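Structural overview
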Amino acid sequence: MIANFGVVLGEWRSLMTGLVNTIWICALSGLLSLLFAVLVAQLLVSRRRAVRRVTQSGVDVLRAIPFLMLLFLIYYCLPTLGLRLSSWTCGLSALVVYNTAYFAEILRGAWAHLPREQEEAGRAHGYAGLRLYRRIILPQIFIAAGPVLGNQMITLVKNSAFLLVITIPDLTFMANQVQAIHFIPFETMLVAVALYWTICSTIEWGVRRLDRVAVVRGHE
Amino acid sequence: MSEARGSAAPVVEARELGKCFGTLRVLRAVSLRVAAGRTLCVLGPSGSGKSTLLRCLNFLERPDEGAVFLRGERVGFVGLGAGRERPMTDRELARMRTRFGMVFQQFNLWPHLTVLGNLVESPIHVQHRPREQAVAEAEALLDKIGLRDKRDAYPSRLSGGQKQRVAIARALAMKPEVLLFDEPTSSLDPELVGEVLAVMRDLAREGQTMIVVTHEIGFAREAADEILFIDEGAVVETAPPARFFASPSTARARQFLQRYT
């Protein structure tokens, strides 16, 4: 058994490649999702009813389907419509689209709980439109929603394991390859699990630090 | 900031303001004028429309009828010539609101910013004043309200009285032409009311133009230049404080004063 772990360690290059791929695709898609979510959240509270309705329906549909289904739709169905994307682009797009919906809904929820008076104080001090959103509302809803956004980020990392089905060499894909070559599934997966756990714990740690900020800078 | 006391041209003028919430009429043809350097106190029973009146002045509520003027400029509308006008856009309105400072009953400081951050936020990001200048002026304001040592504290660490003093400084930092106070001491513990009123008294003495909605009869008596008494959304009586408190001319004002003194 110990010897088997030695074999796994001997394949550290493959596992590292997988780990790095997982980290960067998760970080990039997390960042992009958050960026888009900031815009989509605006649409979710738009003064125009039609805009609000359409956006909310889109968000609700995305939140109601399994990530794997979305991945298949993008990877297998888009080409039949004449749109051929690389597996990397497909994976990244699927993660971004899926998590934008979640992040946007989280931000909308936090916004709904922000006291109306905060926005009003902003208006009374000369803020309106995007500047009001960017300077007064957004920082507050980010602080309030920090823990929930963090949890969703952890879900994103775990969902990224599905990317192996479209041949993206992420951590799960590489671990699978290592165990297939050496026939040592238990040891390989254990190492992969430990690596996933490390990523998620790091996010968790970040969330807890953010929590401490929220105590001082948030609403009671 | 200080103006010659009692100069004739009004800083703020409201003509025949009317406002309905659904079928409820909260303001009926309310008019007021405040000259530079003067303090107007708005008194009246709860639910008489005092707060709505104040919020109609800077168009946080859009009045249904009437007009508001800030130094002769129409608030909320842009003249297009030939007597035509259009409503201001959100941006234009926001710009105009920086000329009114507003202090809320619940302080409404921005919790994600430090005390200093709250003070320089609008001067830097809305009025585009240089940062060093905004910071220096904010620090001077903190000295004035006696909270220099709280410069880098977050609002959650302040007492109610301190929060309200910071909120006053935040409004002053925009160098507004008039300060609007919406029951600034009503959500404070009794022992914290004094420190806020002291700051307001100083401002009145320095000739800051102010409109104060309040239940603090004592403050109104000694700091106001004029009392506007409203009930059920309408002006019942306008008088200098000496006359208003000594011999109110209406029965409703007399009743009100009996209950509060």
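Everything below is about the structure shown above.
Residues numbered from 1 in each chain as written. Chains lettered and ligands numbered in written order. Predicted model: local features only at pLDDT ≥ 70, side-chain atom pairs only at ≥ 80, totals over all residues.

Okay, the overall build of chain A next. If you tally the helices and strands in chain A, you get nine helices and zero strands. Reading chain A from its N terminus to its C terminus gives the helix and strand order α-α-α-α-α-α-α-α-α. Each of the three principal axes of chain A carries a C-alpha extent, and together these read 70 × 45 × 25 Å. Here chain A, with 220 residues, has 37% of them falling under the buried criterion. In chain A, of all internal contacts separated by at least 6 residues, the share reaching a separation of at least 24 is 78%. (Helix = DSSP H or I, 4+ residues; strand = E, 2+ residues; numbered from the N terminus. Buried ≥ 20, exposed ≤ 12 C-beta atoms within 10 Å, placed from the backbone. Contact = placed C-beta atoms within 7 Å.)

This part is about the pairing of strand β3 (residues 39-43) of chain B. Residue and element names in this part refer to chain B. Along β3, five of the five residues are buried, which leaves the element largely enclosed by surrounding structure. Strand direction decides the pairing type here: β3 and strand β10 (residues 210-213), joined by four bridges, are parallel. Among the inter-strand pairings, L40 is bridged to a residue of β10, identified as I211. With four bridges connecting them, β3 and strand β11 (residues 226-231) associate as parallel partners. In the strand pairing of β11, V42 is matched with L228. (Pairing = 2+ DSSP bridges.)

Let us look at the interface of chain A and chain B. Listed per partner, the contact involves 22 residues of chain A and 23 residues of chain B. Secondary-structure elements contributing two or more residues to the side of chain A that touches chain B are α6 (116-124), α7 (129-159) and α9 (185-217) of chain A. Taken together, the residues of the side of chain A that touches chain B break down into eight nonpolar, seven polar and seven charged. (Nonpolar A, V, L, I, M, F, W, Y, C, P; charged D, E, K, R; others polar.)

Residues and elements named next belong to chain B. Judged by pairing direction, the sheet is mixed, and its six strands sit side by side in the order β8-β9-β10-β3-β11-β12 without closing on themselves. Looking at the sheet topology across the chains shown, the edges are occupied by β8 (100-103) and β12 (234-239). Direction aside, neighbouring strands of the sheet carry axes that sit 20° apart on average. (Axes fitted to C-alpha atoms, helices over the stretch in contact; angles between N-to-C directions.)

Attention shifts here to α7 of chain A. A rise of 1.5 Å per residue sets the reference length of α7 of chain A, with its 31 residues, at 45 Å; its end C-alpha atoms lie only 35 Å apart and thus fall more than 12% short of the reference. In α7 of chain A, a bend of some 60° at G146 of chain A exceeds every other bend along the element, and P147 of chain A, a proline, comes one to four places later. (Expected span 1.5 Å × (residues − 1). Bend = angle between axes of the 7 residues up to and from the residue.)

L107 of chain A together with V42, L180 and I211 of chain B are the most contacted members of the largest nonpolar core, which totals 134 residues. At 13 residues, the largest contribution of residues to this core is made by helix α5 (residues 87-113) of chain A. Beyond its immediate chain neighbours, meaning those up to four positions away, I211 of chain B contacts V12, V34, L40, V42, L54, V178 and L180 of chain B. (Core = buried A, V, L, I, M, F, W, Y, C linked by C-beta atoms within 7 Å.)

Bringing the environment of D143 of chain B into the picture now. Structurally, D143 of chain B can be placed in helix α4 (residues 131-144). Judged by local crowding, D143 of chain B falls into the exposed class, with 11 C-beta atoms found within 10 Å.

All names here are of chain A. The geometry of helix α1 (residues 2-10) relative to α9 is characterised by a closest axis approach of 9 Å and an angle of 60° between their N-to-C directions. Relative to α9, the element α1 is oriented oblique. Crossing geometry of α1 relative to α9 is assigned as right-handed. Each of N4, F5 and V8 in α1 lies in contact with α9, whose residues at this interface are E187, T188 and V191. Among the residues making up the contact of α1 with α9, the classes are represented as three nonpolar, two polar and one charged. (Parallel < 35°, antiparallel > 145°, perpendicular 65-115°, else oblique. Left-handed = near helix turned anticlockwise from the far one by under 90°.)

Quick look at the sheet that holds strand β1 (residues 10-21) of chain B now. All names here are of chain B. Strand order across the open sheet formed by four strands is β2-β1-β4-β5, with antiparallel pairing between neighbours. At either margin of the open sheet sits one strand with a lone partner, and together these are β2 (24-35) and β5 (73-74). In terms of strand pairing, β1 meets strand β4 (residues 65-70) through five bridges, oriented antiparallel. Bridge pairing in β4 links V12 to L70. Along the sheet, helix α1 (residues 50-57) contacts β1, β2 and β4; its crossing angle with β1, the most-contacted strand, is approximately 120°.

What follows is about α9 of chain A. All names here are of chain A. In this model, α9 (33 residues) spans 47 Å end to end at C-alpha, consistent with the 48 Å of a helix rising 1.5 Å per residue. Every buried residue belonging to α9 is among E187, T188, V191, A192, Y196 and I199, and all of these are buried. Contacts from the buried residues of α9 go to α1, α2 (12-44), α7 and α8 (171-182).

Unlike most non-glycine residues, T167 of chain A shows phi in positive territory, near 65°. Within the fold, T167 of chain A resides in the loop between α7 and α8. Backbone geometry places N108 of chain B, a non-glycine residue, at a positive phi of 55°. With respect to the helices and strands, N108 of chain B occurs in the loop between β8 and α3 (115-125). The class for N108 of chain B is buried, based on 23 C-beta atoms found within 10 Å.

Moving on, we get to the packing of α5 of chain A against α7 of chain A. All names here are of chain A. Here α5 crosses α7 at 140°, and the two axes come no closer than 9 Å. It follows from the interaxial angle that α5 and α7 lie oblique. You can see that α5 and α7 cross each other, and the crossing is right-handed. Only I137, I141, A144, A145, V148, L149, Q152 and L156 of α7 make contact with α5, whose side of the interface consists of L95, N99, Y102, F103, I106, L107, A110, W111 and H113. Looking at the contact of α5 with α7 residue by residue, the class counts come to 14 nonpolar, three polar and no charged.

Worth remembering: the numbers are spatial, not functional.
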